[in-house]
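Chain by chain, the residues:
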Amino acid sequence: MIIEQDEDGVFVAEVPALPGCISQGKTRAEALNNIQEAIQAYLESLKARNEPVPPSISQEIVEVAV
């Protein structure tokens, strides 16, 4: 999961392994709670449609000096 604070101060949470699974909150804690609910709803939707859970992906954050 990736959590970033946008220019308006809202925390945006995204799950790259689940395309389109995004949520937000006014605080980091609220964003975490909301994304947990979004993940649960996403997985329930996949199950209801008999679709497989997408394979997990790995990401790496690399800093580059310029």
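Computed from a prediction, not measured in an experiment: that's the story for all the values here.

1. A short note on a nonpolar patch on the surface
No. 1: Residues Val62, Val64 and Val66 make up a contiguous nonpolar surface patch of roughly 390 Å² in combined accessible area.
No. 2: Checked against the element boundaries, Val62 lands in the segment after α1 (28-48).

2. Digging into the pairing of strand β3 (residues 22-25)
No. 1: In β3, alternate side chains face the same way, and those of Ser23 and Gly25 are buried while those of Ile22 and Gln24 on the opposite face are not.
No. 2: Summarising the sheet, strand β2 (residues 11-14) and β3 pair through four bridges and their orientation is antiparallel. Across the sheet, the residue bridging to Val12 is Gln24, located in β3.

3. Looking at the confidence of the model for the protein chain
No. 1: Averaged over all residues, the pLDDT of the protein chain is 93; the fraction at 70 or higher stands at 100%.
No. 2: Highest mean pLDDT in the protein chain belongs to β3 (98); lowest belongs to strand β1 (residues 2-5) (95).

4. Here's the deal with unusual backbone geometry
No. 1: Despite not being glycine, Asn50 shows a phi value in the positive range, around 55 degrees.
No. 2: Counting through the fold element by element, Asn50 comes out in the segment after α1.

5. As for the environment of Ile3
No. 1: Its location among the elements puts Ile3 in strand β1.
No. 2: Taking the C-alpha atoms as reference, Ile3 lies 8.0 Å from Ala31; in sequence the two are 28 residues apart.
No. 3: Those residues in contact with Ile3 that sit more than four places away from it in its chain are Phe11, Val12, Ala13 and Leu32.

The rules we used
- Residues numbered from 1 in each chain as written.
- Predicted model: local features only at pLDDT ≥ 70, side-chain atom pairs only at ≥ 80, totals over all residues.
- Heavy atoms only, no water.
- Patch = residues over 30% accessible without salt bridge, like charges linked within 9 Å, V, L, I, M, F, W, Y side chains within 5 Å.
- Areas by Shrake-Rupley, 256 points an atom, 1.4 Å probe, with all protein chains shown as cover.
- Salt bridge = Lys/Arg side-chain N within 4 Å of Asp/Glu carboxyl O.
- Helix = DSSP H or I, 4+ residues; strand = E, 2+ residues; numbered from the N terminus.
- Buried < 20%, exposed > 50% of the residue type's maximum accessible area, 1.4 Å probe, protein only.
- Pairing = 2+ DSSP bridges.
- pLDDT = per-residue confidence, 0-100.
- Contact = heavy atoms within 4.5 Å.

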